[in-house]
Amino acid sequence: MIVDDQPMLGSVEAVGRALSAVEGREATVRAWAHLAPELAQDRARAVDRRPDRPLRGIVLGAKDVFDTGDMPTEYGSVIYRGHRPRADAAVVAQLQLAGAVCLGKTVTAEFAVVTPGPTTNPHRASHTPGGSSMGSAAAVATGMADLALGTQTAGSIIRPASFCGVYGYKPTFGSVSIAGLKLVAPSLDTVGFFGRSVAVIDRARVVVTGRMPAEAQEAPPCIGVYRTEHWDLLERDGRRALDAAALFARGAGAAVSEVSAPDGHLRLGEQQPKVMAYEASRALAWERVHHSAILSPALRDLLDWGSRIPASAYDEAKERGLVAARGHSQLFGGADVLLTPGVPGEAPEGLASTGDPRFARMWTLLGYPTLSVPGLTGASGLPIGVQLVGRPGDDARLLAVGAWLGRILDEAPPGTS
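These remarks concern the structure in this document.

In terms of regular secondary structure, the protein chain is built from 14 helices and eleven strands. A globule of 417 residues ought to have a C-alpha radius of gyration of about 22 Å, and the protein chain, at 20 Å, matches this closely. Expressed along its principal axes, the backbone C-alpha trace of the protein chain runs to roughly 55 × 50 × 40 Å. Out of the 417 residues belonging to the protein chain, those deemed buried represent 58%. Contacts in the protein chain between residues far apart in sequence, at least 24 positions, make up 79% of those at least 6 positions apart. With the model as given, the accessible surface of the protein chain reaches about 16,000 Å², and the carbon-plus-sulfur share is 52%. With 41 positive and 43 negative side-chain charges, the protein chain shows a separation of 2 Å between the mean positions of the two kinds.

Right, here's the structure in full:
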């Protein structure tokens with residue numbers, strides 16, 4: 001089991017700490033679409049009467065695309081202003097049953113697609129926090145939540161985790177229930193988690209999947225460095241971050257080697273937007289038909305494009321992903337995980353865009369588990385995460401290696417990335 005070095009708090013104390021962080025940071029960060037402090041305090045008292053619950057002492061933020069029966073769920077759209085679902089999404093219910101206390105709903109981009117919400121980067125308010133799970137990443141980064149739910153259809157967990165300097169975990173596709181989630185692209189939509197430690201994320205994974213906890217990585221792992229066909233599009237900071245992570249891992253005893261891209265990976269990331277747009281134009285058909293004027297221009301354009309994609313092109317894009325996904329043995333070879341870029345560089349300035357998702361798209365299409373590991377910074381001091389990729393279904397090993405690498409990067413001299 002991965003052990004968290006943070007002291008365990010009771011639920012009442014944990015909620016109080018989170019609310020203090022809200023008081024100090026929320027006016028600038030704007031991570032929350034809805035806060036329910038009184039409800040959270042009542043739940044915390046009830047949880048503390050049951051100290052055996054595995055997530056006791058964990059304050060949860062739920063991205064506002066997950067249904068909640070006792071809080072508004074607006075999906076980042078004015079179309080659903082004041083909407084009150086009847087029940088909680090499955091993953092929200094599971095986490096709360098295990099003792100996590102939901103403090104509220106975190107800001108999402110419109111329908112978890114492209115148009116940002118008002119959240120700012122907690123390290124520099126003039127820069128994007130990433131998206132679409134911006135509120136969840138920012139809430140965890142500022143201590144307003146210990147654990148937060150996100151979703152990824154392209155790069156919506158890896159990117160904000162990197163920009164906000166926290167761990168962001170996208171599980172193997174299909175391993176966490178999507179019941180009660182507002183779907184955009186059912187072939188891609190994946191429920192994931194943000195945390196300041198891998199230990200907290202793994203505890204949540206165990207609760208929602210019923211699988212065994214990850215074992216601590218005692219021996220240095222085998223890491224394959226996969227630079228991808230987009231290496232030339234990386235900013236200088238992004239290249240330095242990946243090279244620094246590989247260097248520090250090698251210095252700590254890891255076997256680090258370069259991995260070549262299989263033929264089936266050529267331009268594979270370009271297939272994900274086709275699948276996403278095609279499915280989104282159908283998943284959001286009601287909104288597109290009845291509320292087109294209210295949708296953002298960017299979303300409207302995406303849905304219009306998706307409606308024009310021929311079924312044959314959609315089928316071909318999906319098939320390319322399925323064929324490539326089956327080749328993981330060739331891709332990984334003897335490596336436990338792959339180390340690859342997660343973002344081009346530091347968070348871009350401005351709040352009109354959430355940044356470039358291209359370095360996460362392929363892995364979402366393949367359905368492989370991924371983890372953004374924090375600890376490095378760019379030239380201006382903003383965080384840059386590196387992305388670890390695991391074999392499908394090998395999430396426990398991915399998280400174990402991620403915790404190991406996170407410790408190595410934490411111990412690195414400041415400013416060495």
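The structure having been displayed, the exposition proceeds.
Between the first and last C-alpha of helix α6 (residues 198-209) there are 16 Å, a value that for twelve residues agrees with the 16 Å anticipated at 1.5 Å per step. Where α6 is concerned, the buried positions are Val198, Ala199, Val200, Ile201, Asp202, Ala204, Arg205 and Val208. Its buried side turned inward, α6 meets α3 (90-97), β4 (147-152), β5 (167-170), β6 (190-195), β10 (370-377) and α14 (395-411). Backbone geometry just after α6 places Gly210 at a positive phi near 75°.

On to the nonpolar core. By size, the foremost hydrophobic cluster in this structure holds 103 residues, and its most contacted members are Val91, Leu95, Leu149 and Phe193. Broken down by element, this core gets its largest block of residues, eight residues, from α14. For Leu149, the contacting residues outside a window of four places in its chain are Leu60, Gly61, Ala62, Lys63, Phe66, Val91, Val92, Leu95, Ser136, Val191, Gly192 and Phe193. Of all hydrophobic cores here, the second largest spans 28 residues; its members include Ala14, Val59, Ala139 and Val140.

Moving on, we get to the sheet that holds strand β7 (residues 222-225). Sheet architecture is open: eleven strands sit in the order β1-β3-β2-β4-β6-β5-β10-β11-β9-β7-β8, paired in mixed fashion. Each edge of the open sheet carries a strand with a single partner, namely β1 (32-35) and β8 (255-258). For this sheet, the mean inter-axis angle between neighbouring strands, taken without regard to orientation, is 30°.

Taken N-terminus to C-terminus, the directions of α3 and α6 make an angle of 110°; their axes are 9 Å apart at the nearest point. By the angle class used here, α3 and α6 are roughly perpendicular. As α3 packs across α6, the resulting crossing turns out to be right-handed. Of the residues in α6, those touching α3 at Val91, Gln94 and Leu95 are Ala204, Val207 and Val208.

Turning next to the packing of aromatic side chains. Scanning the model with the defined rule gives eight aromatic pairs in all. Pairwise contacts between aromatic rings join Tyr75, Tyr80, Phe111 and Trp286 into one cluster. Lying across the ring of Tyr75, Lys182 places its NZ or CZ 5.6 Å from the centre. The side chain of Arg227 reaches across the aromatic face of Trp231, ending 4.6 Å from its centre.

With that settled, the discussion passes to the environment of Met134. Considering the arrangement of structural elements, one finds Met134 in helix α4 (residues 134-141). Leave out the neighbours within four places in its chain, and Met134 touches Val107, Thr108, Ala109, Pro116, Gly117, Thr119, Pro129, Pro160 and Thr354.

Axis separation between helix α8 (residues 271-283) and helix α10 (residues 297-308) bottoms out at 7 Å; the angle between their running directions is 100°. Comparing the axis directions of α8 and α10 gives the class roughly perpendicular. On the side of α8, the interface is formed by Pro273, Lys274, Ala277, Tyr278, Ala280, Ser281 and Arg282, while α10 contributes Leu302, Leu303, Trp305, Gly306 and Ser307.

Here Ser187 lies in the loop between β5 and β6. Within polar-contact distance, the side chain of Ser187 engages the side chain of Lys318 at 3.1 Å. Sequence-distant contacts of Ser187, defined by excluding residues within four places in its chain, comprise Phe173, Val275, Glu279, Tyr314 and Lys318.

Our focus in this paragraph is unusual backbone geometry. Outside of glycine, negative phi angles account for most residues, and trans bonds account for most peptide bonds. In this model, Gly131 is joined to Ser132 through a cis peptide bond whose omega is 10°. Structurally, Ser132 is set in the loop between β3 (101-106) and α4. One non-glycine residue, Arg30, adopts positive backbone phi at about 55°. Here Arg30 lies in the loop between α1 (11-29) and β1.

Reading the values: the criteria
- Residues numbered from 1 in each chain as written.
- Predicted model: local features only at pLDDT ≥ 70, side-chain atom pairs only at ≥ 80, totals over all residues.
- Heavy atoms only, no water.
- Helix = DSSP H or I, 4+ residues; strand = E, 2+ residues; numbered from the N terminus.
- Rg over C-alpha atoms; globule rule 2.2 N^0.38 Å.
- Buried < 20%, exposed > 50% of the residue type's maximum accessible area, 1.4 Å probe, protein only.
- Contact = heavy atoms within 4.5 Å.
- Areas by Shrake-Rupley, 256 points an atom, 1.4 Å probe, with all protein chains shown as cover.
- Lys, Arg positive; Asp, Glu negative; His and termini not counted.
- Charge placed at Lys NZ, Arg CZ, Asp CG, Glu CD.
- Expected span 1.5 Å × (residues − 1).
- Core = buried A, V, L, I, M, F, W, Y, C linked by side-chain atoms within 4.5 Å.
- Pairing = 2+ DSSP bridges.
- Axes fitted to C-alpha atoms, helices over the stretch in contact; angles between N-to-C directions.
- Parallel < 35°, antiparallel > 145°, perpendicular 65-115°, else oblique.
- Left-handed = near helix turned anticlockwise from the far one by under 90°.
- Phe/Tyr/Trp six-rings, centres within 6.5 Å; stacked < 30°, edge-to-face > 60°.
- Lys NZ or Arg CZ within 6 Å of the ring centre and 35° of its normal.
- Polar contact = N/O pair within 3.5 Å; in protein donor to acceptor, adjacent residues only side chain to side chain.

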